[in-house]
Amino acid sequence: MKTIEGGLAGTRLSCFFCATARAPDLGTQCLACGGSLAAVVDPAAPFPLSVAGFWDYAPVLPVGDARVSLGEGSTALLKLDRLMPGDEVYVKAEWMGPTGSFKDRGSAVAVSAARALGAVGVICASTGNNAASVSAYAARAGLPCVVALPKGTPANKIIQAKAHGAIVLEVEGTFSDAYACANRIQAASPGWANLTSTYLNPYMTAAHATIFYECEAELGEVGTIVVPIGAGPMLDGILQGARLMRDQGLIETLPVPVGVQGEGCAPIAEAFSRGLDHVEEWAPPVTGMPGSINDPLRGYAADGTRTLAIIRAAGGHAVAVSDDEIRRAMLDLGRSEGIAAEPASVTPLAALRRLDHLPRPVVLVVSGHALKDGAAQAAAGAPSLDIDADADPQAVTQAALGHFSQKLRA
Ligand SMILES: [Zn+2]
């Protein structure tokens, strides 16, 4: 296949399970065992210590000279001074990505890699945020894009993908059915890159290291990092970054990773709590609020096993939280901190409330904006007060004060 703009010098693809390595290509699996891949950069690559933006990390990312950018990365790190005063708890504001979610880091790197490897188009399965993001970067790269989504995906995410010119396939079933659909099309389409954000695209996984790099640059150390997980590549990428920094002597210890799922679809948390060393497909019906991470792993449970192994190796945790806990976290972050996020994105706060004695500082990765799923926001049931616009001005401000006090007591 044609390779443009210098390819991906310095990067190798390595199987997570059997360590067989090869030069970068658009493949999604190990050719020896079928396992998932990691995009490994030269471990001696100079880590950038003076950084002004996302692409300054390029020496330690699997990218070549081709750069497809919409202004990703460099998201804010917000201390939760009102919700958790006196504690060292921060939110990494990943909804500030160009398309409103953390997926933009992965799309920037994976679409850049796809261009460097001569891709003629991109395809992905998604619960919505990845489709919104991949389609934007494909448009920016001048590549055609197909996205496969489970029926019932929040309308705003579909609107984003269509606005970016993607072909949208709505698939009957769960994310796993959309995953199979995207794989089937890609397998029959030479030169098309698969940007499904499970472990099919190793460049996308590696991009999430930048979340860790940015937190480290601001805090000096990260004790614990809590992330929502479907299959878990964000958590994997974050730990890839932490290991690289440790191996270069830039940090002493890895952060404790916590992966969070919703109780209605929690294959990884279930395996963790049962003490298993492998993850099984989620057999029960998929239910619950955090649609972005409701991934039953049907047909690719080994992805869950990879995430479980990474969590265990780093002394971390996998937990499942309830819809009630998610609703509480949505209301608290919105009303006390001005952070309105979609249900999956607040699961880290819900998990933190369950786990004592996590090392500080703690970073909660809040992955997607509330506007991604307006129906879920409405369902969370934030109390509101309807007042006539013509009402007496003092009555309006008195009512606002009362509403505010009620919030503080809630
Ligand atoms: Zn292998």
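Residues take numbers from 1 onward in each chain, read along the sequence in its written order. Only residues with pLDDT of 70 or above have their local features reported here, since the model is predicted, and side-chain atom pairs are shown and tallied only from 80 upward, although totals for entire chains, interfaces and linings are computed over all residues. Side-chain numbers come from the whole structure's heavy atoms, not from hydrogens or water.

Draft legend 1. Representation of the overall build of the protein in the model. Each helix corresponds to a stretch of at least 4 residues labelled H or I by DSSP, and each strand to a stretch of at least 2 residues labelled E; elements are numbered beginning at the N terminus. Assigned secondary structure in the protein consists of 13 helices and 13 strands. Restricting the calculation to C-alpha atoms gives the radius of gyration, and the globule rule supplies 2.2 Å times the number of residues raised to the power 0.38. Against the globule reference of 22 Å for 410 residues, the protein gives a C-alpha radius of gyration of 21 Å, in line with a compact fold. For the protein, the spread of C-alpha atoms along the three principal axes comes to 70 × 45 × 45 Å. Sequence separation of 24 or more characterises 68% of the internal contacts of the protein that already satisfy a separation of 6 or more. In the form shown here, the protein has an accessible surface area of approximately 16100 Å², with 53% of it arising from carbon and sulfur atoms. A gap of 3 Å separates the mean positions of the 30 positive and 40 negative side-chain charges of the protein. Between two residues, a contact is recorded if the distance between any of their heavy atoms is within 4.5 Å. For the accessible areas, the method is Shrake-Rupley and the probe is 1.4 Å, while residue cover comes only from the protein chains on display. Counted as positive: Lys and Arg. Counted as negative: Asp and Glu. His and the chain ends are not counted at all. One atom stands in for each charge, and that atom is NZ of Lys, CZ of Arg, CG of Asp or CD of Glu.

Draft legend 2. Geometry of the coordination of the zinc ion. For the zinc ion, the protein coordination sphere consists of Cys15 (SG), Cys18 (SG), Cys30 (SG) and Cys33 (SG), at 2.3 to 2.4 Å. Metal coordination here is assigned from N, O and S atoms located within 2.8 Å of the ion, or within 3.2 Å for Na, K and Ca; omission of water means that sites may look incomplete. Every angle between 85 and 135 degrees makes a four-donor site tetrahedral, while opposite donors more than 155 degrees apart, with all other angles between 65 and 115, make a four-donor site square planar and a six-donor site octahedral; other sites are irregular. Around the zinc ion sit 4 donor atoms, and with donor-metal-donor angles ranging over 101 to 118° the site reads as tetrahedral. The sequence motif formed by the donor residues of the zinc ion is C-x2-C-x11-C-x2-C. You can see Cys18 sitting in the loop between β1 (11-15) and β2 (21-22) and its partner Cys33 sitting in the loop between β2 and β3 (37-41), a full 15 residues away along the chain. Only protein chains enter the accessibility calculation, which uses a 1.4 Å probe. A residue is then buried if its area is under 20% of the maximum for its type, exposed if over 50%, and partly exposed in between. The class of Cys18 is partly exposed, set by a relative accessible area of 34%.

Draft legend 3. Geometry of the sheet that holds β3. Being paired, for any two strands, means DSSP has found at least two bridges between them. The sheet built from 3 strands is open, its strands ordered β2-β1-β3 with antiparallel pairing. Looking at strand neighbours, the two that pair on one side only are β2 and β3, the edges of this open sheet. Bridging between β1 and β3 involves 5 bridges; their strand directions are antiparallel. Residue Leu13 lies in a different strand from β3, and its bridge partner there is Ala39.

Draft legend 4. Up close: the sheet that holds strand β7 (residues 145-150). Taken together, 4 strands build an open sheet; the order of strands is β8-β7-β6-β9 and the sheet is parallel. At either end of the open sheet lies a strand with only one pairing partner, and these are β8 (167-171) and β9 (192-194). Strand-to-strand twist across the sheet, computed as the mean angle between neighbouring axes with direction ignored, equals 20°. Sheet topology places strand β6 (residues 121-125) next to β9; 3 bridges connect them, and they run parallel. When the bridges of β9 are listed, Val122 appears paired with Ala193. Along the sheet, helix α4 (residues 175-187) contacts β6, β7, β8 and β9; its crossing angle with β6, the most-contacted strand, is approximately 155°. Axis definition: a line fit to C-alpha positions, over the contact stretch in the case of helices; interaxial angles, taken between N-to-C directions, run 0 to 180 degrees.

Draft legend 5. α4, seen in detail. Look at α4: 18 Å from first C-alpha to last across 13 residues, which is about the 18 Å you get at 1.5 Å a residue. For α4, every residue scored as buried is listed here: Phe175, Ser176, Ala178, Tyr179, Cys181, Ala182 and Gln186. Tucked into the core, α4 has its buried residues touching β6, β7, β8 and β9. Polar contact is defined as a pair of N or O atoms within 3.5 Å, subject to the rule that within protein one atom must be able to donate a hydrogen and the other to accept it, and that residues adjacent in sequence are counted only when both atoms are side-chain atoms. One side-chain oxygen at the N-terminal end of α4 lies 3.1 Å from the backbone nitrogen of Ser176; it belongs to Thr174. The length a helix should cover is 1.5 Å for every residue beyond the first.

Draft legend 6. Structural context of the packing of aromatic side chains. By convention, a stacked pair of Phe, Tyr or Trp rings (six-membered ring in the case of Trp) has centres within 6.5 Å and planes under 30 degrees apart, an edge-to-face pair has planes over 60 apart, and any other such pair is tilted. Inspection of the entire model under this criterion finds 7 aromatic pairs. Residues Tyr57 and Tyr213 carry aromatic rings whose centres are separated by 5.2 Å and whose planes lie at 35° to one another, so their mutual orientation is tilted. Within this pair, whereas Tyr57 is found in the loop between β3 and β4 (77-79), its partner Tyr213 is found in helix α6 (residues 209-219), the two being separated by 156 residues in sequence. Here the two residues Tyr57 and Tyr213 agree in accessibility, since each one is buried.

Draft legend 7. Structural detail: the environment of Lys103. Along the chain, the position of Lys103 falls in helix α1 (residues 103-116). On the basis of relative accessibility, which here comes to 15%, the residue Lys103 falls in the buried class. Placed 105 residues apart in sequence, Lys103 and His208 show a C-alpha to C-alpha distance of 8.7 Å. Leave out the neighbours within four places in its chain, and Lys103 touches Asn129, Asn130, Ser133 and Ser197.

Draft legend 8. Looking closely at the side chain of Glu216. Residue placement: Glu216 occurs in helix α6. Criterion for a salt bridge: a side-chain nitrogen of Lys or Arg within 4 Å of a carboxyl oxygen of Asp or Glu. Arg246 is the oppositely charged side chain nearest to the buried, salt-bridge-free Glu216, at an N-O distance of 12 Å. Contacts of Glu216, omitting those with residues within four sequence positions, involve Glu221, Val222, Met245 and Ile251.

Draft legend 9. Main features of the state of the cysteines. Two cysteine sulfurs form what is called a disulfide whenever their separation falls within 2.5 Å. In the structure shown here, the tally under the stated rule is 0 disulfides. Free of any disulfide, Cys265 has its nearest cysteine sulfur in Cys124, 19 Å distant.

Draft legend 10. Inspection of the pattern of salt bridges at higher detail. As enumerated under the stated definition, the model contains 17 salt bridges in all. Measuring nitrogen to oxygen at the nearest pair gives 3.4 Å for the salt bridge that ties Glu263 to Arg354. Of this pair, Glu263 sits in the loop between β11 (256-262) and α8 (267-273) while Arg354 sits in the loop between α11 (347-352) and β13 (362-366), and the two are 91 residues apart along the sequence. Given the relative accessible area of 39%, Arg354 is considered partly exposed. A salt bridge links Arg328 to Asp332, with the nearest nitrogen and oxygen atoms 3.0 Å apart. Residue Arg328 and its partner Asp332 are both found in helix α10 (residues 323-337); the two are separated by 4 residues, about one turn of the helix. Assessed through its relative accessible area of 35%, Arg328 is described here as partly exposed. Overlapping salt bridges bring together Lys92, Glu94, Arg105 and Glu214 as one network.

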